[in-house]
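Remarks on the overall topology
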Amino acid sequence: MLNHYPPAPALDPYIRRHYVFRAEMPADADVQDKMIAETAFIRIPLRGEWYIEGEAGDWIPACGAKLFGPNSRGFPLRVVGPFLILGCGIKPSGWKSLFDCSAHLHTDRMTALEDLWGDIATDMMRELDADQSDETMVAAMDRAIARQVDKIGLRQTDSQIEQFETIGRIDSTVRIDDAARELGLSVRQLERRSLESLGMTPKTFLRRCRFLDMAMTMRGFSHPSDEDLAELRYFDQSHLNREFKRFVGMTPKTFRNAYTPLMTEGLKLRKEGDEKIFNQPRF
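Before going into details, it helps to say that this report is about the structure given with it. All values reported here derive from a predicted model rather than from experimental measurement.

With respect to unusual backbone geometry
At aspartate 108, a position not held by glycine, the phi torsion is positive, near 60 degrees. The topology assignment puts aspartate 108 in the loop between β7 (75-90) and β8 (110-112). Residue aspartate 108 is classed as partly exposed on the basis of its relative accessible area of 25%.

Concerning empty space enclosed by the protein
Any empty space left between the atoms is revealed when a probe the size of a water molecule rolls over them. The tally for this structure, following the rule as stated, stands at two cavities of 30 Å³ or more. Of the voids in this model, the largest cavity is the one considered here, and its volume is about 500 Å³. Around the largest cavity sit 28 residues that line it, and Tyr19, Met35, Ala37, Gly266 and Leu269 are the ones nearest its centre. Elements represented by at least two residues in the lining of the largest cavity include exactly β2 (15-23), β4 (41-53), β7 and α11 (261-278). At nine residues, the largest contribution of residues to the lining of the largest cavity is made by α11. Looking at the lining of the largest cavity residue by residue, the classes come out as 17 nonpolar, four polar and seven charged. Each pocket or cavity is described by its volume, and for the second largest cavity that value is around 60 Å³. Taken together, Glu38, Thr39, Ala40, Pro70, Ile90, Lys91, Pro92, Trp95, Ser197, Leu198, Met200 and Arg208 make up the lining of the second largest cavity. For the lining of the second largest cavity, the class distribution of residues is seven nonpolar, two polar and three charged.

Thoughts on the packing of helix α4 (residues 159-170) against helix α7 (residues 202-218)
Packing of α4 against α7 leaves a shortest axis separation of 9 Å and a crossing angle of 40 degrees. When the axis of α4 is compared with that of α7, the two are oblique. Pair α4 / α7 crosses with right-handed handedness. Residues Phe164, Glu165, Gly168 and Arg169 of α4 touch α7, and the partners they reach there are Pro202, Phe205, Leu206 and Cys209. When the residues that make up the contact of α4 with α7 are grouped by side-chain class, the tally is five nonpolar, one polar and two charged.

A few points about the pattern of salt bridges
According to the stated counting rule, one finds 19 salt bridges in the structure shown. With a closest N to O distance of 2.1 Å, aspartate 150 and arginine 155 form a salt bridge. A single salt-bridge network, built from bridges that share partners, covers Arg175, Asp177, Asp178 and Arg181.

Notes on the environment of phenylalanine 255
Assignment of secondary structure puts phenylalanine 255 in helix α10 (residues 252-257). In the structure, phenylalanine 255 is positioned 223 residues away from glutamine 32 in sequence and 14 Å away in space, judged by C-alpha atoms. In contact with phenylalanine 255, not counting residues within four places along its chain, are Ala215, Met218, Arg219, Phe244, Val248, Met250 and Met263.

Some points on the pairing of β2
Counting buried positions along β2 gives eight out of nine residues, so the element sits mostly inside the fold. Where strand β1 (residues 2-5) meets β2, four bridges bridge the pair, whose relative direction is antiparallel. By the bridge assignment, asparagine 3 is partnered in β2 with valine 20. Bridge count for β2 against β7 is eight bridges, and the pairing is antiparallel. Opposite isoleucine 15, over in β7, you have isoleucine 90 as the bridge partner.

Some remarks on α7
Look at α7: 24 Å from first C-alpha to last across 17 residues, which is about the 24 Å you get at 1.5 Å a residue. Within α7, 15 of the 17 residues are buried, which leaves it mostly tucked inside the rest of the structure. A positive phi of about 85 degrees marks glycine 220, the residue just after α7.

Points about helix α3 (residues 134-152)
The end-to-end C-alpha distance of α3, which contains 19 residues, comes to 27 Å, matching closely the 27 Å that a straight helix rising 1.5 Å per residue would cover. Inspection of α3 places Asp134, Met137, Val138, Ala140, Met141, Asp142, Ala144, Ile145, Gln148 and Val149 among the buried residues, and these make up the whole buried set. Buried residues in α3 make contact with β1, β2, β4, β7, α1 (113-117) and α2 (119-127). Once α3 ends, the next one or two residues include glycine 153, with phi positive near 80 degrees.

Conventions adopted
Residues numbered from 1 in each chain as written. Predicted model: local features only at pLDDT ≥ 70, side-chain atom pairs only at ≥ 80, totals over all residues. Heavy atoms only, no water. Helix = DSSP H or I, 4+ residues; strand = E, 2+ residues; numbered from the N terminus. Buried < 20%, exposed > 50% of the residue type's maximum accessible area, 1.4 Å probe, protein only. 1 Å grid on protein atoms, 1.4 Å probe; cavity = no way out; pocket = protein on both sides within 12 Å on 5 of 7 lines; lining within 4 Å. Points joined across faces, edges and corners; volume = space filled by probe spheres on them. Nonpolar A, V, L, I, M, F, W, Y, C, P; charged D, E, K, R; others polar. Axes fitted to C-alpha atoms, helices over the stretch in contact; angles between N-to-C directions. Parallel < 35°, antiparallel > 145°, perpendicular 65-115°, else oblique. Left-handed = near helix turned anticlockwise from the far one by under 90°. Contact = heavy atoms within 4.5 Å. Salt bridge = Lys/Arg side-chain N within 4 Å of Asp/Glu carboxyl O. Pairing = 2+ DSSP bridges. Expected span 1.5 Å × (residues − 1).

Structure below.
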């Protein structure tokens, strides 16, 4: 069961949502999947055996509070047994209020939160317990985030990055120079700001948006009109295959039939996020 919660009002400029993900699975259940999160996020496994895939293809234990940097492609994860996860999604426009480094340094990487937040992360972990209520755990995370915002001291968010993110979510086929012009930036300025806050170039961000739009359609979470679907389609089947292999390592046909419980929950959240951002379903 996946529940999500709004952050404390003072943290809304920086945090998209909190979530608590509980799954009462058999002790020998072994799920392998790939995540493509819309934003960087903080993730705290409180129950379950979690692993990430190493460079040699082996599975490396992933315990403790982690920052999952922006995903420019599928991030392999594995969990064994029942699990409980506490986490929060970070708004790209608020990245610099929470971290004193560029987001692209953490793209497709997982970093111990204590290495970035020090005692703030350590104190938060002391407060958390798997038997607590969702509300208690979310409140502990809110307190830690508020301390980090105070520590960084930058409360103003990047309104142009927020606008660019919305542009990409509305129309993932937009031309980069058109988007830059609408934002009042040069293409070079947009590229620099995008790397700092989104963790990737504008081109990669829009490609990821387009892939996720198509993935949502294939999973039945959106129902585009023929005109909308035509805009989502790629130049030809080989182009579509290349993009799916880049982001999830499989063809569209294989993806359509694949068991992807973690990614599917992420796509559900994306749909709900669309409805919140745009006040109505995208399609």
